[in-house]
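Residue-level listing of the chains:
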Amino acid sequence: MAKEKKKIALSTKIFIALISGALLGVLIHYFMPNGYFRDTVLVGGIFYVIGQGFIRLMQMLVVPLVFCSLVCGSMSIGDTKTLGKVGIKTVIFYLFTTAMAICIALGVASLINPGIGISLESVKAADVTVAEPTSFADTLLNIIPKNPIGSMANGDMLPIIVFALFVGILLAKMGSKASTVSNFFSQFNDLMMEMTMAVMTIAPIGVFCLIAKTFSEIGFSAFLPMLKYMGAVILALAIQCFGSYQALLFVFTRLNPIRFIKKFVPVMMFAFTTATSNATIPMSIDTLNKKMGVSKKISSFTIPLGATVNMDGTSIMQGVAVIFIAQAYGIALTPSDMLTVIATATIASIGTAGVPSVGLVTLSMVLTSVGLPTEGIALIMGIDRILDMMRTAVNITGDAVCTTIVAHQNKMLDRSVFAKD
Ligand code: ASP
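Residue numbers run consecutively from 1 along every chain, following the written order of its sequence. Residue-level local features of this predicted model are given only where pLDDT is at least 70; pairs of side-chain atoms are given and counted only at 80 or more, and the full residue set underlies all totals for whole chains, interfaces and linings. Side-chain metrics in this entry use all non-hydrogen atoms of the structure; hydrogen atoms and water are not considered.

**Considerations on the overall build of the chain**
A run of DSSP states H or I qualifies as a helix once it reaches four residues; a run of E qualifies as a strand once it reaches two. Both are numbered from the N-terminal end. Regarding its fold elements, the chain presents 18 helices and zero strands. In summary, the chain has a C-alpha radius of gyration of 22 Å against a globular reference of 22 Å for 421 residues, a match within 12%. With the C-alpha coordinates of the chain rotated into their principal frame, the extents come out at 70 × 55 × 45 Å. Per-residue accessibility, obtained with a 1.4 Å probe over protein chains only, is compared with the maximum for each type, and a residue is labelled buried under 20%, exposed over 50%, and partly exposed between these values. Classification of the 421 residues of the chain by burial places 52% in the buried group. Pairs of residues are marked as contacts when any of their non-hydrogen atoms sit within 4.5 Å. Within the chain, counting contacts between residues at least 6 apart in sequence, those at least 24 apart form 85% of the total. Using a 1.4 Å probe, accessible areas were evaluated by the Shrake-Rupley method; residue-level cover was limited to the displayed protein chains. Taken as a whole, the chain presents about 18,500 Å² of accessible surface, with 68% of it coming from carbon and sulfur. The convention is simple: Lys and Arg are positive, Asp and Glu are negative, and His and the chain ends are not counted. Every charge is mapped onto a representative atom, which is NZ of Lys, CZ of Arg, CG of Asp or CD of Glu. In the chain, 29 positive and 20 negative side-chain charges are present, and the distance between their average locations comes to 13 Å. Radius of gyration means the value over C-alpha atoms here, while the globule rule gives 2.2 Å times the residue count to the 0.38 power.

If you want it as structure tokens, here you go:
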């Protein structure tokens, strides 16, 4: 009883921290005069250090946790056939939900017409320094690590996944001959899960500081000319998150979507606050396991994969941005342009890393594919942070829904855990 009370308290605490941090941030932005105390001590000092400290603690866990739990997961699944089946199903789900997301975005944006009537001068354009996105061929090649330790040091998720799967499969094959190594990985994995729980206890403080800092720096006046664009992105995100995902979840698993969202909300809030899919990997795996009954054998593989390649929220932003920029510049898009957008935004989503703002970088690839000016990114850059937060929450929800479906199909979902409050 007491334990249950404590459990509810953590997600409630994160929620309270989110709301109160946002309010405090807005108050600071509008009512606290600029100066040493506000800028250096409070926002750039206390909020920054505690907030970033918390993100770093979560990031610290990602590589060792993903590596160990994936080794353990693939080792216990053992046969490559099942792993291959899980992998193919997951990738199909990921691609399908991304294409679906872009279609929703294009549909919503075509109805709302966010760029019609916008005067290019009214939007405060930021300086665009768009980095070159990695080509598709290189993205594909980079999956094979030249140096696994180097990949781990850089936090490159796909090569880590490949190497971990390889290690796990061979450990299963070697059996008792390699029992010391197998035991090491499973014990290290337990240690990482303990560490995740320990770090999560300070989540409310971290979330409070992160959100207070973000909101104290956001000027809302930049939002005004962009309200239609923001509204279109938010509407499409909501349809994807609360409509499409939940429909898919129900159709494939018969699980109660409302219960799913209720249980997953703390992870969504964390993704919203940090705008970093990668940092949510440990929390997502933990929540899916303890609250939904999804076996870590599946989630240790599909969640890091999804955090790296499945960015439905990002592709929604890109779909709406394409329409917005085309309309703002008065360029008409043909139906075949739309198809090109669906294809390139799906690829862009694979190439988008799970860290803040990268979706804007890969947007240039989508714009170029249909001949739109990449300078258009400057129009949306100023207000992108808040949308980045929202789309990150959708990105990781998509990964969790697909993971739950694939777990159900492979009999690795414990429904009794999901049924518990
Ligand atoms: N921030 C997003 C994520 O981590 C990526 C992006 O859209 O910029 O999932």
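**Section: the confidence of the model for the chain**
For every residue, the predictor assigns a confidence score, pLDDT, that lies between 0 and 100. Taken residue by residue, the chain gives an average pLDDT of 89. The fraction at 70 or more is 94%. Least confident of the elements in the chain is helix H4 (residues 136–141), whose mean pLDDT is 78; most confident is helix H9 (residues 227–253), at 97.

**Concerning the site of the ligand**
Proximity is defined per residue: if any heavy atom of the residue lies within 4 Å of a molecule or strand, that residue is considered near it. Near the ligand lie 17 residues; those nearest to it are Ser277, Thr314, Gly359, Asp388 and Arg391. Within the backbone of Ser357, a nitrogen or oxygen atom sits 3.4 Å from an oxygen atom of the ligand. At 3.1 Å from a nitrogen atom of the ligand is found a side-chain nitrogen or oxygen belonging to Thr392. If the ligand stood free it would expose 270 Å²; the protein chains cover 100% of that surface. A pocket here means an open set of points on a 1 Å grid, computed over the protein atoms alone, that has protein on both sides within 12 Å along at least five of seven lines. A cavity is instead a set of points where a 1.4 Å probe fits but cannot get out; residues with an atom within 4 Å of a point line either one. Whether a molecule lies in a cavity or pocket depends on its atoms, and more than half of them have to be within 2 Å of the grid points. A molecule is said to occupy a pocket when more than half its atoms come within 2 Å of that pocket's grid points, and by this definition the ligand occupies the largest cavity. Mapped by element, the contributors of at least two residues to the shell around the ligand are helix H15 (358–369) and helix H17 (384–409). Top contributing element to the shell around the ligand by residue count: H17, with four residues. In the analysis that follows, any N or O atom pair within 3.5 Å is treated as a polar contact, provided that within protein one partner can donate a hydrogen and the other can accept it, and provided that, for residues neighboring in sequence, both atoms belong to side chains.

**A few points about the side chain of Thr287**
In this structure, Thr287 sits in helix H11 (residues 277–292). Not counting residues up to four positions away in its chain, the partners in contact with Thr287 are Lys263, Phe264, Val267 and Met292.

**Overview of the nonpolar core**
The biggest cluster of nonpolar side chains holds 127 residues, and the ones touching the most others in it are Met58, Tyr229 and Leu363. At 15 residues, the largest contribution of residues to this core is made by helix H2 (residues 36–77). Other than its neighbours up to four places away in sequence, Leu363 contacts Met317, Gln318, Ala321, Ile377 and Ile380. For this analysis, a nonpolar core means a set of buried residues of the types Ala, Val, Leu, Ile, Met, Phe, Trp, Tyr and Cys, connected via side-chain atoms within 4.5 Å. Counting six residues, the second-largest nonpolar core is a separate cluster that includes Ile28, Leu42, Phe47 and Ala212.

**Section: helix H8 (residues 203–217)**
Multiplying 1.5 Å by the residue count of a helix minus one yields the expected span of that helix. Between its first and last C-alpha atoms H8 spans 21 Å; for 15 residues at 1.5 Å apiece the expected length is 21 Å, and the two agree. Among all positions of H8, only Ala203, Pro204, Gly206, Val207, Cys209, Leu210, Ile211, Ala212, Lys213, Thr214, Phe215 and Ser216 are buried.

**Some thoughts on empty space enclosed by the protein**
Grid points are joined across faces, edges and corners, and a volume is the space filled by probe spheres set on the points. For the structure shown, the criterion picks out one cavity of 30 Å³ or more. Quantified by volume, the largest cavity comes out at close to 70 Å³. When residues of the lining of the largest cavity are traced back to their parent elements, those giving at least two are H15 and H17. Per-element tally for the lining of the largest cavity: the top contributor is H17, with four residues. For the lining of the largest cavity, the residue count by class is six nonpolar, nine polar and two charged. Three classes are used, and their members are as follows: Ala, Val, Leu, Ile, Met, Phe, Trp, Tyr, Cys and Pro are nonpolar, Asp, Glu, Lys and Arg are charged, and the others, Gly among them, are polar.

**Considering the packing of aromatic side chains**
Here a pair means two rings of Phe, Tyr or Trp (six-membered ring of Trp) with centres within 6.5 Å. Their orientation is stacked below 30 degrees between planes, edge-to-face above 60, and tilted elsewhere. Under the criterion given, the structure shown has nine aromatic pairs. Here Phe67 and Phe163 contribute two aromatic rings whose centre-to-centre distance is 5.9 Å and whose plane-to-plane angle is 15°, an arrangement assigned as stacked. Residue Phe67 is located in helix H2, and its partner Phe163 is located in helix H6 (residues 157–174); the two are separated by 96 residues in the primary sequence. Clustering of aromatic rings is evident, with ring pairs tying together Phe67, Phe163, Phe184, Phe185 and Phe188.

**Topic: the side chain of Thr214**
Its location among the elements puts Thr214 in helix H8. A distance of 2.8 Å separates a polar atom in the side chain of Thr214 from the backbone oxygen of Leu210. Every residue in contact with Thr214, bar those within four places of it in the chain, is listed here: Arg385 and Met389.

**Some points on the pattern of salt bridges**
Salt bridge, as applied in this entry: a Lys or Arg side-chain nitrogen positioned within 4 Å of an Asp or Glu carboxyl oxygen. Within this structure, the stated rule accounts for five salt bridges. Taken together, the shared-partner salt bridges connect Asp384, Asp388 and Arg391 into one network.

**Some thoughts on the state of the cysteines**
Each disulfide consists of a covalent bond between the sulfur atoms of two cysteine residues. Our working definition of a disulfide is a cysteine sulfur pair at a distance within 2.5 Å. Inspection of every chain in the model, using the stated rule, returns zero disulfides. The cysteine Cys72 is free of any disulfide, with Cys68 supplying the nearest cysteine sulfur at 6.4 Å.

**Some thoughts on a nonpolar patch on the surface**
Two distance rules govern patches: like charges are joined within 9 Å, and nonpolar side chains (Val, Leu, Ile, Met, Phe, Trp, Tyr) within 5 Å, applied only to residues with over 30% relative accessible area and no salt bridge. On the surface, a nonpolar cluster with roughly 520 Å² of combined accessible area is contributed by Ile46, Tyr48, Val49, Ile50, Ile202 and Ile205. At four residues, H2 tops the list of elements feeding residues into the nonpolar patch. With respect to the secondary-structure elements, Tyr48 resides in helix H2.

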